[in-house]
Structures are given as structure tokens and as C-alpha cells.
Amino acid sequence: MPLRMTFFYFWSPSMLSPWPRCQAVQAENVTVLEGGTAQISCRLQKYDGSIVVIQNPRRQTLFFNGTRALKDDRFQMMLFSPTMVRITLTNVSVSDEGGYFCQLYTDSTHHQVATLSVSVPPEIPTVEVKQEAVEGGEAELTCVSPRSKPAATLRWMRNGREIPGVVSQQDNGKTFSVSSTIRIPVERKDNGAALNCEALHPSLGGQNRVRRYRLDVYFAPTVRIIPPSGILREGDSLSLTCSITGNPLPRTTQWSKINDTLPERAEISGPTLQIARLSQSHNGTYLCQAQNNYGRAADYYTLLVYDPGAVVETHSAVPYAVIGGVLALLVFTVICVLIVTIWCSVRQKGSYLTHEASGLDEHGEVQEAFLNGNDVSQGKKEYLL
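Read on for an overview of the structure. (Residues numbered from 1 in each chain as written. Predicted model: local features only at pLDDT ≥ 70, side-chain atom pairs only at ≥ 80, totals over all residues. Heavy atoms only, no water.)

### Some words on the sheet that holds strand β16 (residues 166–171)
For sheets, the rule is that strands pair by backbone hydrogen bonds, running either parallel or antiparallel. Strand order in this open sheet of four strands is β11-β13-β17-β16, and the pairing throughout is antiparallel. Looking at the sheet topology across the chains shown, the edges are occupied by β11 (126–131) and β16. For this sheet, the mean angle separating the axes of adjacent strands, direction not counted, is 20 degrees. Where β16 and strand β17 (residues 176–185) come together, six bridges link them in antiparallel fashion. The residue of β17 that forms the bridge with S168 is S179. (Pairing = 2+ DSSP bridges. Helix = DSSP H or I, 4+ residues; strand = E, 2+ residues; numbered from the N terminus. Axes fitted to C-alpha atoms, helices over the stretch in contact; angles between N-to-C directions.)

### Things to note about the sheet that holds strand β1 (residues 24–27)
Here four strands make up an open sheet; going across it, the order is β1-β3-β8-β7 and the pairing antiparallel. Among the strands making up the open sheet, the edge pair consists of β1 and β7 (75–80). Taking each pair of neighbouring strands and ignoring which way they run, the sheet shows an average axis angle of 20 degrees. Across four bridges, β1 lies against strand β3 (residues 38–45) in antiparallel orientation.

### A word on the packing of aromatic side chains
With the rule as written, the count across this model stands at two aromatic pairs. Plain terms: the ring middles of F75 and Y100 are 6.3 Å apart, the flat faces sit at 50 degrees to each other, and that makes the pair tilted. Residue F75 is found in strand β7, and its partner Y100 is found in strand β9 (residues 98–105); the two are separated by 25 residues along the sequence. Neither F75 nor Y100 differs from the other in exposure class; each is buried. With 5.4 Å between their ring centres and 15 degrees between their planes, Y218 and Y294 make a pair best called stacked. Here Y294 lies in the loop between β25 (284–292) and β26 (295–305) and Y218 lies in strand β20 (residues 217–226), a separation of 76 residues in the sequence. On the basis of relative accessible area, Y218 is assigned to the buried category, the value being 19%. In this structure Y294 comes out as partly exposed when scored by relative accessible area, which is 30%. Sitting over the ring of F101, R59 keeps its end group 3.8 Å from the ring centre. (Phe/Tyr/Trp six-rings, centres within 6.5 Å; stacked < 30°, edge-to-face > 60°. Buried < 20%, exposed > 50% of the residue type's maximum accessible area, 1.4 Å probe, protein only. Lys NZ or Arg CZ within 6 Å of the ring centre and 35° of its normal.)

### Thoughts on the state of the cysteines
Under the definition given, this model contains three disulfides. Paired by a disulfide, C143 and C197 hold their sulfur atoms 1.6 Å apart. Of note, the bridge from C143 to C197 carries an S-S torsion of about -80 degrees and is left-handed in sense. With a gap of 54 residues between them, C143 in strand β13 (residues 138–148) and C197 in strand β18 (residues 194–200) connect regions that are remote in the sequence. Residue C143 shares its accessibility class with C197, and that shared class is buried. Across the disulfide from C242 sits C288; the S-S distance is 1.9 Å. Between C242 and C288 the sulfur-sulfur dihedral comes to about -100 degrees; the bridge is accordingly left-handed. On the criterion of sequence distance, the pair formed by C242 in strand β21 (residues 238–247) and C288 in strand β25 is long-range, its members being 46 residues apart. Of the residues examined, C288 reaches a relative accessible area of 0% and is grouped as buried. Take the cysteines of the protein that form disulfides and number them in order along the sequence; they join up as 1-2, 3-4, 5-6. (Disulfide = S-S within 2.5 Å.)

### What about the pattern of salt bridges?
Evaluated as defined, the whole model comprises 14 salt bridges. The shortest N-O distance in the salt bridge between R43 and E28 comes to 2.6 Å. Of this pair, R43 sits in strand β3 while E28 sits in the loop between β1 and β2 (30–33), placing them 15 residues apart in sequence. Given the relative accessible area of 32%, E28 is considered partly exposed. Two residues, E34 and R147, come together in a salt bridge whose shortest N-O distance is 2.7 Å. (Salt bridge = Lys/Arg side-chain N within 4 Å of Asp/Glu carboxyl O.)

The following block contains the structure:
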């Protein structure tokens, strides 16, 4: 009996195409600010309904064909279509950084990685005083930006000009801390000067974070007594105000009278000393003193009450020196005038004697001519005998 063989043929639509269907997936990288919302997208090509899985950087499955697999409400499925799968992640932190896997399971597994990068902008930097600013010394200030990604750039500014600083940077794992230290000489006039520490970062779009700082320069006090105006008479009241500057400003003002005690009528109110009903017994020098941690200063006021009751005030011996100088100049001028006068008088007298001698010589010539019988008219035309 002859052998009969039957052949069965199976047909599928894919046999109509000369090339088999080829599915693929593409992922898009994304950068987001810390605390913001990231959109992670996976593009599908020639999707035929195969399984799509999205995993986080720790390879934990977030979604399986659009169904949530990980209980983390920050992740939400926003779109699942034959061409695009998109999820969102809210309140992003640096711990969420890494590669998110878009996997397409077909005859062979296709996957792409969407890299999530988190940028951490710096906060407003802080200023630390490393060394107190004392008049004649140096101030050492450090500007600190404790956390940023990538590392922030710090710069010191004063009156629109940059002050070079010593920069240090520390890697804290995911973020960086940066500091910039400056040392500047300071004087009393620098107290209250404005300095700015600026933090620059790509995520700020040119809007720098600025910390404004004012120099606090410490210096010894200065004291000046403000005297009363006009002339005070016996029975009037005297008021002296002690003007004090310094940093820190002295808390107390000390009034005293040199080589004596303050009068019973003296009243002190802060920096002001008042004496009612002045008399000659109040004559003397009054001293105002002030002190802080950086030095001491004083000023004095001398009070003289004369018979008419007029009060004369002096701060120094300068007026007497001026008067003495003027008197000396006057005496010197008088002496010079006397010397010039005497010299001129002597000179005039010598000239007179010279002319007198000349006259005597001419008289002798006349006598000699007369005795010799000569014609006098041939010589001098006129002789005064």
C-alpha cells in the first residue's frame, strides 16, 4: 500500500511583509530642580501590545503595563499609549537621581534608560566672622554656601568691585558645600561699610543669591566737651555736654573736677554736667572720661569766674601763645624801625661834614690866589667866604 503524506500550511499576516516587525523603545533624559516635578517619558515604536515595564534606579518596578507596582504616591502614570508612556515624579530629591528603565518585553527584551538629574540651587549664603575687625587690624570673613549641586560659585563684592577670596569646596556625596574667605585691613572709617557675598549657580538664571553684610569695626572712644555759647555771669547756670564716639559706645560717662570734688550743685544726666547759680568757688578744670574694651579717652574744660562775674572758658594755652607771638613781633618791628632811623641819621650827618670840608678847601684856594696876585676870576667864578 503506497504511503500518503499530508502537509499543513499555516499563514499569518506577517508573512505578507518581506521584513518582520521590529519593536523599539526610546527614553528621554530629564533635569529638574530639587523639590520640583520630573516627567519621565518612554517612546514606543511599532508597539504591538507587548509588556511595558518601568523601573527606578534600584530596579524596583514602578509600573507594569500601566498598573502601579510600587506604593509610592509621588509616582503617577500620566500617559500610556501605543507611542508614549509617561510618568511623573513629584517633590524630587537628590536621592531620586539615576537611571529609570523603560523595558519592552517581546521575543527579545528591549530597554532604554532615562537619566534623571537633580539640580540643587544654593540658598542665600551665610557670613561667619573668623576674626574681629579692630581699628588698624584686619577683618577675616567667610562666606558659606552649605549645599548646592553642582557646586555654587561664591564671590565677595564691595562698591561694585570683587574682593578676591580663598575658596574651598567639600563633596558631601550628592551635594557640595563651598566657602570663600577674605582678609581686609580696616580703619575706623570702615565701620558700617557694606559688603556683599553672592552665590552664582546655573539653575538661578542669573538671579544670584546675595547676603548683605556690614563691617563692624571696633575702636577706642573719642571725647569732646561741647562748651556753652556766650558769656555766663555769676548766678547763671553752666551746662557741659560730653560728645562721645566709639565702638562699642561706652555705656557710662565719668565727670570729675581735677584736684577737687564736684560742686554740690553739680548734676549729671548721662553725658551732661550742669551747675546752677555759678560763683567763683566753681573755678577749676572739669574732666569728662569714657572707656570701652579698646581704649580710654578724656577731654577737659577750664572754668574761670572773674570779679564782674564773667565766665571765661579755655581749652588750651594756644590763645596765650598767640598773644605772646604778636607782642614779640611788635617789639621786633619797633627795634628794626629804631635801627633804620639811627642809621639814616648817621649817614646824613656824615654827608654834611663832607660838604663842609669841601667848602674849606675852596676858601684856601681863594686866599692863595689873592696873595699871589692872580686873577681869581679865572678859577672859580664865585667863592663863598
